[in-house]
Amino acid sequence: MRRAGLLLSLIGLLALPAAVRAVVVYDGDGTQDVAAFAIDDPRGRVGVVNGCTGVYLGDVGGADWVITAAHVGEGSFTVGGATYAAVAGSSVRLTNTGGSAADLVLYRIDSSLNLSLLPLSASSAGAGVSVTMIGNGYNRAASPTTWYVTGGSTWSTTPSAGAEVATGYYYDSGNTLRWGINTVSGTSSLLSFNNTVCEATTFDAAPGEAQGAVGDSGGGVFSLDSADEWTLSGIMLAIGGYKGQPSAAVVGNETYFADLSAYKSQILTTIPEPATVPVLLGIATLGMAVWLRRRR
């Protein structure tokens, strides 16, 4: 819940290649929920790219694709203890309606994980939907901190009469892929990200709840479809925080993630669904046959 007097605003990208840590999870000692999903579990396809995060989409037509935030960029992809090199020059930047660039990029890696195309959500997750967020952002301190905020932007750990009270966790050192849960709170259009179509979650004081941190850019946001199958709903891009807040995850902060349903058709144009590959190959073969006949 946002606090009166504390202005929530976009405070930055989730990218910082020099600091590779893990998504912040509320409660516990901060070491819980280490990502340990099997590689054939959709949620097990989240890995490390340029010190941040990316998601392996699958092997389609002999090409292996990763999706991440454009501000992270293409780079070697590490997942399941193995590292795969990026195919130089393979990046495809996704665009918004109207043609402006979105903060999303697809690129190829040079070896196959032999997994089919990851299911992509057909529609926005929507407010109230539970999601699993997985990323490689900052760890957090073992214990929570209480701050006293005066003047709307001056933060202190010393009690002060009339101050507003905020709670959360300072960022800490360490690097581990981690997952957590949250509930979609609404939609957002991030002007600083060229109007990338986004949804958002809010960091509440609830056990296991996740908040994005620096390094989570490109991380996966997963939800269950009507058949109770995991689908990739979004890619984490940025966080919203309070004016003047310290380097910490504070209750009330937000995580913004690209709504992939808005870009699904573009993704599948670049990465055809498996069922379309034989059809496309057939069309290509027919076209070659016609061309050969005409040459005779």
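Just above, that's the structure.
**Considering the overall build of the chain**
Next, step 1: Summing up its helical and strand segments, the chain has two helices and 21 strands in all.
Next, step 2: Scored against the burial criterion, the 296 residues of the chain give a buried share of 49%.
Next, step 3: Sequence-distant contacts in the chain: of pairs separated by 6 or more residues, those separated by 24 or more amount to 73%.
Next, step 4: Only carbon and sulfur atoms are counted for the fraction: they give 54% of the accessible area of the chain, which is about 12700 Å².

**Focus: the nonpolar core**
Next, step 1: Counting residues in each nonpolar core, the largest one holds 44 residues, and the members touching the most others are Leu57, Ile67, Phe77, Leu232 and Ile267.
Next, step 2: One finds Tyr138, Ala213, Ile239 and Ala249 within the second-largest nonpolar core, a separate group that totals eleven residues.

**Considering the sheet that holds strand 4 (residues 52-60)**
Next, step 1: Sheet architecture is open: seven strands sit in the order 7-6-3-4-5-9-8, paired in antiparallel fashion. The open sheet has two edge strands, strand 7 (82-84) and strand 8 (92-95), and neither has a second partner. Within this sheet the neighbouring strands show an average axis-to-axis angle of 35°, counted without direction.
Next, step 2: Two strands pair when backbone bridges link them, and strand 5 (residues 63-68) and strand 9 (residues 101-109) are joined in this way by five bridges, in the antiparallel orientation. The residue of strand 9 that forms the bridge with Val66 is Tyr107.

**A short note on the side chain of Arg45**
Next, step 1: The residue Arg45 is located in the loop between strand 2 (24-25) and strand 3 (46-49) in this model.
Next, step 2: We note that Arg45 is buried and unpaired, the nearest opposite charge coming from Asp41 at a distance of 7.7 Å.
Next, step 3: The contacts of Arg45, once residues within four sequence positions are left out, are Ile39, Gly54, Val55, Tyr56, Leu57, Gly58, Phe77, Val79, Leu115, Ser116, Leu117 and Leu118.

**Points about the environment of Ala200**
Next, step 1: With respect to the helices and strands, Ala200 occurs in strand 16 (residues 196-202).
Next, step 2: A relative accessible area of 4% places Ala200 in the buried class.
Next, step 3: Separated by 58 residues in sequence, Ala200 and Ala258 have C-alpha atoms that sit 8.8 Å apart.

**Focus on the side chain of Thr145**
Next, step 1: Inspection of the secondary structure puts Thr145 in strand 12 (residues 145-150).
Next, step 2: Leaving out residues up to four positions away in the same chain, Thr145 has contacts with Thr157, Ala166, Thr167, Gly168 and Tyr170.

**Side note on the pairing of strand 12**
Next, step 1: A one-sided burial pattern is seen for strand 12, the buried positions being Thr145, Trp147 and Val149 and the unburied ones Thr146, Tyr148 and Thr150.
Next, step 2: In this structure, strand 12 lies alongside strand 14 (residues 164-172), joined through five bridges in antiparallel fashion. Its bridge partner lying in strand 14, Thr146 is registered against Thr167.
Next, step 3: The sheet contact formed by strand 12 and strand 13 (residues 154-156) spans three bridges and is antiparallel.

So, how was this worked out
Residues numbered from 1 in each chain as written. Predicted model: local features only at pLDDT ≥ 70, side-chain atom pairs only at ≥ 80, totals over all residues. Heavy atoms only, no water. Helix = DSSP H or I, 4+ residues; strand = E, 2+ residues; numbered from the N terminus. Buried < 20%, exposed > 50% of the residue type's maximum accessible area, 1.4 Å probe, protein only. Contact = heavy atoms within 4.5 Å. Areas by Shrake-Rupley, 256 points an atom, 1.4 Å probe, with all protein chains shown as cover. Core = buried A, V, L, I, M, F, W, Y, C linked by side-chain atoms within 4.5 Å. Pairing = 2+ DSSP bridges. Axes fitted to C-alpha atoms, helices over the stretch in contact; angles between N-to-C directions. Lys, Arg positive; Asp, Glu negative; His and termini not counted. Salt bridge = Lys/Arg side-chain N within 4 Å of Asp/Glu carboxyl O.

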